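# Topology and contacts: notes
Here are the chains, one letter per residue:
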Amino acid sequence: MYLLYESASGYALFIAHGIDEIGQNTEAVRSSVEDLSRFGKVVKLNAFHPFESALDALNQCNAVSEGIMTDELRNVLELNLPKPKVKDGQPIYVLGVSDSKIGAHIFENTKIPCRSNDFVLELLRGVRYHFQRFIKDLKQGDLEKAQLGLGHSYSRAKVKFNVNRVDNMVIQAIFLLDTLDKDINSFAMRVREWYGWHFPELVKIVNDNYLYAKLAKFIENKSNLSEESLPQLTEILRDEDKAKEVVEAAKASMGQDISPVDLINVQQFAKRVMDLSDYRRKLYDYLVAKMNDIAPNLTSLIGEVVGARLISHAGSLTNLAKCPSSTLQILGAEKALFRALKTRGNTPKYGLIFHSSFIGRASAKNKGRMARYLANKCSIASRIDCFSESNTAVFGELLNKQVEDRLKFYDNGVAPRKNIDVMKEAIEKFQKEDDEMDLDETSKDASAKKSEKKFKAEVEKGVEPMDEDAPENPKSGKKNKKDKTADVEDQEQDTKEVEKSEKKKKKEKRKLAEEQEQQQNHVQNGKNDVDAEPEGTTKKKKKKSKVEDGEDVQVVSEGKKKKKKKSRTEDDD
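Scope of this entry: the structure provided in the associated data block. Nothing here was measured: the structure is a model prediction, and the numbers come from that model. Each chain carries its own residue numbering, running from 1 in the direction its sequence is written. In keeping with the predicted nature of the model, local features appear solely for residues at pLDDT of at least 70, side-chain atom pairs appear and are counted solely at 80 or more, and the whole-chain, interface and lining totals rest on all residues. Note: side-chain values were computed over all heavy atoms of the structure, leaving out hydrogens and water.

### Considerations on the sheet that holds strand 3 (residues 43–50)
Two strands make a pair as long as DSSP finds a minimum of two bridges between them. A run of H or I in DSSP becomes a helix once it reaches four residues, and a run of E becomes a strand once it reaches two; helices and strands are each numbered from the N terminus. One open sheet holds the 5 strands; their spatial order is 3-2-1-6-7, and the pairing between them is mixed. Each edge of the open sheet is held by one strand with a lone partner, namely strand 3 and strand 7 (114–115). Where strand 1 (residues 2–6) and strand 2 (residues 10–16) come together, 5 bridges link them in antiparallel fashion. What sits directly across from leucine 3, in strand 2, is phenylalanine 14. For this analysis, residues touch if any pair of their heavy atoms sits within 4.5 Å. Axis geometry follows a simple rule: fit a line to the C-alpha atoms, using only the stretch in contact for helices, then measure angles between N-to-C directions, giving values from 0 to 180 degrees. Helix 4 (residues 71–80) rests against strand 1, strand 2, strand 3 and strand 6 (95–96) of the sheet, and its axis sits at about 135° to strand 3. Helix-sheet contacts for helix 6 (residues 118–129) involve strand 1, strand 2, strand 3, strand 6 and strand 7, and the interaxial angle to strand 1 is about 55°.

The structure is reproduced here in structure tokens:
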């Protein structure tokens, strides 16, 4: 039997001689493992392959923890183990591994028989206990340092690449939102009670807690209220009639007078309540944005707050996706469920899903059926959000329509669409959105490449508008000389281009003259119908000349005029 041990410093292969697994007992192995003199006779080191670096050790550790055999581990096994053969219906040797997943992966790829049981685990425990004595080159403390470093990097990588790390923000936000709701309600009631001793009539006029705190901060002393403060009151209340009612109530108020110190404390407390409610509004906006990023389908189906509560109660979006719809239906009603199981009563029909508007709109007899259907759709939406790579809300919107159709079916008996048709429509919409996104990305890339090409062309031509001001600096004499030499070179290039253009013009004139001679010959022979063909050829040639040299458009136009004049003189003759 061979033993594979994955240490923090490398892979080690041990060979166990003279072990009869049938005759050995796990308790006897446990007792003999601690004694190196007995354990060393049975288990001996066969090969050791150290890791190249800490990064390599981390990659190997991640692969082993996921049950994947890396290329490095495969090379170690193929080099140090004999080829797997079968004798009398049984394999010649067996490889003992600590995890059955990696054993199955090794057997699939290399056909090496692997085994993982209590007996093998006890042997590997002995290897781990005496590992430092098996390898001679290891110094004292080296193995502990390697284990500590690998442990830190592995845990850091797990936190960094944690799938649930984004869900934590939603969980904390929804907990804080619920806490703020309770605190703001209790603090607002305290403001009402405190300021009610001075102005008790205001409680009946203004019902909203935020507006009441704002008015308590603005009014201060009720005796100072007059008709002059009506515009400011209407801005706060957004109702002129209520503002007049507040002013009239202040004139005939039965409340007691309060000292300035008490009014200052009431104002400060009212300001704190206003700040808390403003922060609560910002936190809700943050939660909406986060839920649209993390679980867009669940959000569009059931709402941001209910969806966030489901995620926080399940622990993460992954845990919620793993839940069956029956579990998701009663999430949040665990106490009622176990009480019903204990007393053999009726089990609850819904938990946190009850806060959804769909169940509130359903009739009393259909609430249970609606909760079951909604839980089914919520489980589908959460799985799409958790395991899909792209961020889209198409599925959630169509699932929402399905739930609406189910409500109509319960009320009016209108048959809803089949789930297969709805999912096909959602997939088609999703593919269209994907294609549009790809087209946008390709167009952006093409525009970026064009701008880069233009910039490179300008740089090659030497068109730099910022360099025109360079001769004004008296200190840059050397630069001016370089600029002059560059200008001379540019002038030479311009003269060469002018010469080329003149040669082209001469060639065009010769061609025009030849064509005119041909036209004269045709006219003399009495073939007037053929005159259209050379004109077409001349037009084609004119187009070619325009394409070849765009700067000589004026020259070509002059040639046309000359040609027309000559043709007219010939006709007169």
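### With respect to the pattern of salt bridges
Salt bridges are defined as contacts in which a side-chain nitrogen from Lys or Arg sits within 4 Å of a carboxyl oxygen from Asp or Glu. Counted by the stated rule, this structure contains 11 salt bridges. We note a salt bridge from arginine 190 to glutamate 193, for which the minimum N-O separation is 3.2 Å. Placement of both arginine 190 and glutamate 193 in helix 9 (residues 167–196) is noted, with a separation of 3 residues, approximately one turn of the helix. We classify arginine 190 as partly exposed; its relative accessible area is 47%. Partly exposed describes any residue whose relative accessible area lies between the buried limit of under 20% and the exposed limit of over 50%, with all areas from a 1.4 Å probe on protein chains only and scaled to the type maximum. According to the relative accessible area criterion, glutamate 193 is partly exposed, its value standing at 48%. The partner of glutamate 425 in a salt bridge is lysine 429, with the nearest N and O atoms 3.8 Å apart. Of this pair, glutamate 425 and lysine 429 both sit in helix 23 (residues 419–461), separated by 4 residues, roughly a single helical turn. Look at glutamate 425 and you get partly exposed, because its relative accessible area is 24%. When salt bridges with common partners are traced through the structure, they connect Arg417, Glu425 and Lys429 into a single cluster.

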